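# Topology and contacts: notes
Here is how the chains run, residue by residue.
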Amino acid sequence: MFLVPTALVFSLLPRLAFAQSFAITSGPATDQVLQRDEAGKAVVNLSGTALSLNNKPLEIRAIGINGVLPSDWAPAGKIAADKWSAKITLPTGGPYRVEVRSNNIVQSVTNLLVGDLWVLGGQSNMEGVGNLIDVEPPHGLVHSFDQSDQWGLAQEPLHNLPGAADRVHWRKNKEGIALRLEGTALAEFIANRKKGAGLGLAFAAEMVRRTGVPIGLLPCAHGGTSMDQWSPDLRDKAGDSLYGATIRRVKLAGGKVRGMLWYQGESDANPNAASGFQAKFERLVAAFRSDLGDPGMRFYYVQVGRYVNSQNQLEWNEVQEMQRKAEKTIPQSGMVASVDLSLDDAIHIGTRDQKRLGRRLANLAAIDLFGTTVPGVRRGPRPVSAKLDGSTLRVTFSDVNGRLTSQGRISGFSIHDSAGAPIPAIFQATFDHVNHAMVVLHLGAKIPDGATLRYGFGKDPYCNVRDQADMAAPVFGPMVIER
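Residues numbered from 1 in each chain as written. Predicted model: local features only at pLDDT ≥ 70, side-chain atom pairs only at ≥ 80, totals over all residues. Heavy atoms only, no water.

## Things to note about the overall build of the protein
The cut-off we apply is this: Numbering of helices and strands runs from the N terminus, with a helix taken as a DSSP run of H or I at least four residues long and a strand as a DSSP run of E at least two residues long. Relative accessibility under 20% of the residue-type maximum defines a buried residue, over 50% an exposed one, and the middle range a partly exposed one, all with a 1.4 Å probe and only protein chains included. Throughout, a contact is declared for two residues whenever any of their heavy atoms are within 4.5 Å. Accessibility throughout is a Shrake-Rupley quantity obtained with a 1.4 Å probe, and a residue counts as covered only by protein chains that appear here. Charge counting treats Lys and Arg as positive and Asp and Glu as negative, with His and both chain ends excluded. Charged side chains are reduced to one point each, which is NZ for Lys, CZ for Arg, CG for Asp and CD for Glu.
A tally of helices and strands in the protein yields eight helices and 28 strands. By principal-axis analysis of the C-alpha atoms, the protein measures approximately 105 × 55 × 45 Å. Burial status across the protein gives 53% buried among its 483 residues. Sequence-distant contacts, at least 24 apart, represent 71% of the contacts inside the protein between residues at least 6 apart. When the accessible surface of the protein is summed, it comes to about 21500 Å², and 52% of that surface belongs to carbon and sulfur atoms. Here the protein carries 52 positive and 46 negative side-chain charges, and the mean point of each set is 3 Å from the other.

## Things to note about the sheet that holds strand β24 (residues 426-431)
Quick reminder of the rule: We call two strands paired when DSSP finds no fewer than two bridges between them. To obtain an axis, a line is fitted to C-alpha atoms, over the contacting stretch when the element is a helix, and the angle between two such axes runs from 0 to 180 degrees between their N-to-C directions.
Strand order in this open sheet of four strands is β19-β20-β25-β24, and the pairing throughout is antiparallel. Of all the strands in the sheet, just β19 (382-389) and β24 have a single pairing partner and so form its edges. Neighbour-to-neighbour, the strand axes of this sheet turn through a mean angle of 20°, independent of strand direction. Across five bridges, the pairing between strand β20 (residues 392-398) and strand β25 (residues 438-443) is antiparallel. Bridged to L393 within β25 is L441.

## Some words on the pattern of salt bridges
Counted only if it meets this: Salt bridge criterion: a side-chain nitrogen from Lys or Arg within 4 Å of a carboxyl oxygen from Asp or Glu.
Under the defined criterion, the tally for this structure stands at 32 salt bridges. K280 serves as the salt-bridge partner of D228, at 2.8 Å between the closest nitrogen and oxygen. Taken as a pair, D228 in the loop between β15 (215-219) and α5 (242-252) and K280 in helix α6 (residues 277-291) lie far apart in primary sequence, 52 residues in all. In this structure, the salt-bridge partner of R483 is D449, at a minimum N-O distance of 3.3 Å. Taken together, the positions of R483 in the segment after β28 (476-480) and D449 in the loop between β25 and β26 (452-455) put the pair 34 residues apart, joining distant regions of the chain. The exposure class assigned to R483 is exposed, which follows from its relative accessible area of 58%. By sharing partners, the salt bridges in this structure join D340, R352, D353, R356, R360, R466 and D470 into a single network.

## A word on the packing of aromatic side chains
Here a ring pair, both rings aromatic, is described through the centre-centre distance and the interplanar angle of the planes. Short version of the rule: Under the pairing criterion, centres of Phe, Tyr and Trp rings, with the six-membered ring standing for Trp, must be within 6.5 Å; the plane angle then separates stacked pairs below 30 degrees from edge-to-face pairs above 60, leaving the rest tilted.
According to the stated counting rule, one finds 14 aromatic pairs in the structure shown. Seen in terms of ring centroids, F281 and F299 are 5.8 Å apart; in terms of plane orientation they differ by 65°. Their pairing is edge-to-face. Of the two residues, F281 sits in helix α6 while F299 sits in strand β17 (residues 298-302), which places them 18 residues apart along the sequence. For the pair formed by F281 and F299, the shared burial category is buried. A connected cluster of aromatic rings, assembled from ring pairs, spans W230, W262, F277, F281, F299 and Y301.

## A look at unusual backbone geometry
With an omega of 5°, the peptide bond between G94 and P95 qualifies as cis. With respect to the helices and strands, P95 occurs in strand β7 (residues 93-102). Note that the residue after E156, namely P157, is joined by a cis bond; omega there is -10°. The residue P157 is located in the loop between β11 (151-153) and β12 (171-172) in this model. In the Ramachandran plot, A81 falls in the positive-phi region, its phi being about 55° despite a non-glycine side chain.

## Let's talk about the environment of G64
Here G64 is to be found in strand β4 (residues 57-64). Here the alpha-carbon distance between G64 and L364, two residues 300 residues apart in the chain, equals 31 Å.

## Quick word on the pairing of β26
Across the two faces of β26 the burial is the same, with T452 and R454 and L453 and Y455 all buried. Across four bridges, strand β22 (residues 413-416) lies against β26 in antiparallel orientation. Within β26, the position partnered with S414 by the bridge is R454. Pairing of β26 with β28, which is carried by three bridges, proceeds in the antiparallel orientation.

## What about helix α4 (residues 200-211)?
Along an α-helix, residues three or four positions apart point the same way, because every turn accommodates 3.6 residues. Rules: Helices are assigned an expected span. That span is 1.5 Å times one less than the residue count.
Relative to the 16 Å expected for 12 residues at 1.5 Å per residue, α4 spans 17 Å between its end C-alpha atoms, a close match to the ideal helical length. Across the 12 residues that make up α4, a large majority, nine, are buried. What α4 keeps buried is the set G200, L201, A202, F203, A204, A205, E206, M207 and V208. In this structure, the buried residues of α4 make contact with β8 (105-122), β10 (142-145), β15, β16 (259-263) and α8 (351-370).

## Some remarks on the side chain of K459
The cut-off we apply is this: Each polar contact in these results corresponds to two N or O atoms within 3.5 Å; when the atoms are within protein, one needs to be able to donate a hydrogen and the other to accept it, and residues that are neighboring in sequence are counted only if both atoms are side-chain atoms.
For K459, the position within the fold is in the loop between β26 and β27 (466-467). Within the buried set, K459 has no salt-bridge partner at all; the shortest N-O distance to an opposite charge, 7.7 Å, is to E315. Of note is the side chain of K459, whose polar atom sits 3.2 Å from the backbone oxygen of Q311. Not counting the four nearest positions on each side in its chain, K459 is found in contact with G305, R306, Y307, N309, Q311, N312, Q313 and W316.

As structure tokens, then:
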């Protein structure tokens, strides 16, 4: 048996005791993504305890794990009253290891990234209900602050409601009491999940591919929730409300984010709630910006897509039209369409097309935030006018990337009389040979005065107009037909 010399044991004791007493008690967590400022930098603040080591000098440094930003030790003050604090500024990038030392003993925080944080909010199509097959793979520069308030590598499924830290996400038992899943029960839930793929990871991975800027995701969505359940009036309920829980998590992650990705509206597309949707939506965006102290916070959202069911409610189209119009009434916002995408069940976008939807949102963010340095795209087809020209109806779009396209026969347009009843008049639709942002509808019947044009009428239309950047035309209408 090997024996440690007695002299060596006693010589190690002071250092071992010091290592135990010198500790980091406050600062970023391992794997955390820090929101960079306008200059592309983030300040890392660390503090801790150091018992019986007053007046000892303190040093700090940052090391780029990938070989970037090796830095020498820099003075960071002295230990006083058994406590210490230090800070260092990091540029966009990473991962970094930040180290502090005193008396040759080192403590560290590892795998830090500096980049942009994005909140994922809304209901089930943001939570993600796509089949967990061929999901977006993890990316080393995309981390997630999961719903249990733990930082780690982002991977599908991003959302985990039963194990969330906030009570508002918990399941209710037979007695109606909300309970958090823990231990074996939570492990079994996670192991048996078959659905949960969303758009957030695809968005983040695409942003990193285009810009090299690390991304942190804050999943906060909850399936089946309405605008009233997201009301900022419930902010004081903190983790017992969706709005309060989201604000709490943003503050826990550092208090600042680059923006929010939002997909919600299905729960409000009904006779009781549809008429008030746009006002509530605009108020929600304003509240998030105010409470997070960022009036220019980017807010990108998805126009609700298809729903295969027997109820042909006009309120579905009403909410879609309000979402389309809100793009002009909400500054620093943008919308992408989803009506052309495939489903994995009656209402939830499938995994393959969730990834496409994430990339569409990345198109908006890239052109808005990196337009001068990163190749971006226009927002995608936006309807401008519908003008009658003899036996044709010419529909003009703006913001088209390249030219309008479709897979197979152009589909999705319909003409309606002044009372809203469909008029069977379109026998063919083509793309104009000269104006690549125009659809020409060929008519086989006369159009009465007061007629309107719609695209995506009903809850389950077949729509397939896109541009060459895969940005889809949104549901719109009724649009007045000009003569």
